[in-house]
Amino acid sequence: MVSRLLVAVSLLLIVSQPSFAQFWEESEGPPAPATCLVHNSQQHVFAGTSFSAVYRTTDLGETWTRLDKGIDDGGPNFVRVNMMAVDKNDVIYAAINDKGIFRSSDNGDNWDVLDIGIDVARNSRLSLSIENMPNGETSVFVGYDAGAANLLLRYSEDGGDT
């Protein structure tokens, strides 16, 4: 009986030691509520926020850089970056409610709005998905919801160029 008790106590002490335990690491950011996260092949993490901005960390969350050149129109920006995706060439796509679909080919430093053939309405929601095709192109699929009478789906077979 004593030997079983010693084994149980020994196991409890070993398992409870921090060196044997694994914990999630805490990040200090981004400085806004994150709504979606993606990472690229360089292991940079991008966080979409509720304030139409994207933040990037290159050091596992120690520091965050705001990336909204081409997204921020100077007005009040309380619209949600709803979804993000990264293709095999590290091109980043972001679906931003009320604004449209944005693309960055320079690690998030600059963003261009894609012409998806829809006049994006106020209070609309956008979603996206991408597919890396065998021919090297990226297909982009976009869902648009501006109310029950205005539900649309668009897709591009050339990364959003047309």
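The following refers to the structure shown. Just so you know, these numbers come straight off a predicted model, no measurement behind them. (Residues numbered from 1 in each chain as written. Predicted model: local features only at pLDDT ≥ 70, side-chain atom pairs only at ≥ 80, totals over all residues. Heavy atoms only, no water.)

If you trace the 4 strands from one edge of the open sheet to the other, you get β1-β2-β3-β4, paired in antiparallel fashion. The open sheet has two edge strands with one neighbour each: β1 (34-39) and β4 (65-67). The mean angle between the axes of side-by-side strands here comes to 30 degrees, regardless of whether they run parallel or antiparallel. Direction of pairing for strand β2 (residues 45-49) relative to strand β3 (residues 54-57): antiparallel, over a ladder of 4 bridges. By the bridge assignment for β3, Ala47 is matched with Tyr55. (Pairing = 2+ DSSP bridges. Helix = DSSP H or I, 4+ residues; strand = E, 2+ residues; numbered from the N terminus. Axes fitted to C-alpha atoms, helices over the stretch in contact; angles between N-to-C directions.)

Once that is clear, we can look at the sheet that holds strand β9 (residues 125-132). Reading across the sheet, the 3 strands line up as β9-β10-β11 and stay open at both edges, with antiparallel pairing between neighbours. Of all the strands in the sheet, just β9 and β11 (151-156) have a single pairing partner and so form its edges. Put simply, the sheet's adjacent strands are angled 15 degrees from each other on average, direction ignored. When strand β10 (residues 138-145) meets β11, the two strands line up antiparallel, connected through 6 bridges. Note that in β11 the partner of Val140 across the bridge is Ser156.

The next point concerns the pattern of salt bridges. Evaluated as defined, the whole model comprises 4 salt bridges. Salt-bridge contacts for Arg103 lead to Asp161; the nearest nitrogen and oxygen are separated by 3.0 Å. With a gap of 58 residues between them, Arg103 in strand β7 (residues 100-104) and Asp161 in the segment after β11 connect regions that are remote in the sequence. The class for Asp161 is exposed, based on a relative accessible area of 55%. (Salt bridge = Lys/Arg side-chain N within 4 Å of Asp/Glu carboxyl O. Buried < 20%, exposed > 50% of the residue type's maximum accessible area, 1.4 Å probe, protein only.)

Below, the discussion takes up the layout of surface pockets. The volume enclosed by the largest pocket comes to roughly 170 Å³. Residue contributions to the lining of the largest pocket peak at 3 residues, all from β1. Across the lining of the largest pocket, the residue classes break down as 6 nonpolar, 6 polar and no charged. (1 Å grid on protein atoms, 1.4 Å probe; cavity = no way out; pocket = protein on both sides within 12 Å on 5 of 7 lines; lining within 4 Å. Points joined across faces, edges and corners; volume = space filled by probe spheres on them. Nonpolar A, V, L, I, M, F, W, Y, C, P; charged D, E, K, R; others polar.)

Within the secondary structure, Arg56 sits in strand β3. From its side chain, Arg56 meets the backbone oxygen of Asn107 in a polar contact 2.5 Å long. Discounting residues that sit within four places of it in the chain, Arg56 has contacts with His44, Val45, Phe46, Thr63, Trp64, Thr65, Leu67, Asn107, Gly108 and Asp109. (Polar contact = N/O pair within 3.5 Å; in protein donor to acceptor, adjacent residues only side chain to side chain. Contact = heavy atoms within 4.5 Å.)

What follows is about the pairing of β1. Here β1 pairs with β2 via 5 bridges, running antiparallel. When the bridges of β2 are listed, Cys36 appears paired with Gly48. Remark: 5 residues form the turn of the hairpin made by β1 and β2, two consecutive strands paired antiparallel; Gln43 in that turn has positive phi of roughly 65 degrees.

Looking now at the packing of aromatic side chains. Here the distance between the centres and the angle between the planes together describe a pair of aromatic rings. Per the stated rule, a full pass over the model turns up 1 aromatic pair. Plain terms: the ring middles of Phe141 and Tyr155 are 6.1 Å apart, the flat faces sit at 25 degrees to each other, and that makes the pair stacked. One end of the pair, Phe141, is in strand β10; the other, Tyr155, is in strand β11, with 14 residues separating them in the sequence. You can call Tyr155 exposed: its relative accessible area is 56%. (Phe/Tyr/Trp six-rings, centres within 6.5 Å; stacked < 30°, edge-to-face > 60°.)

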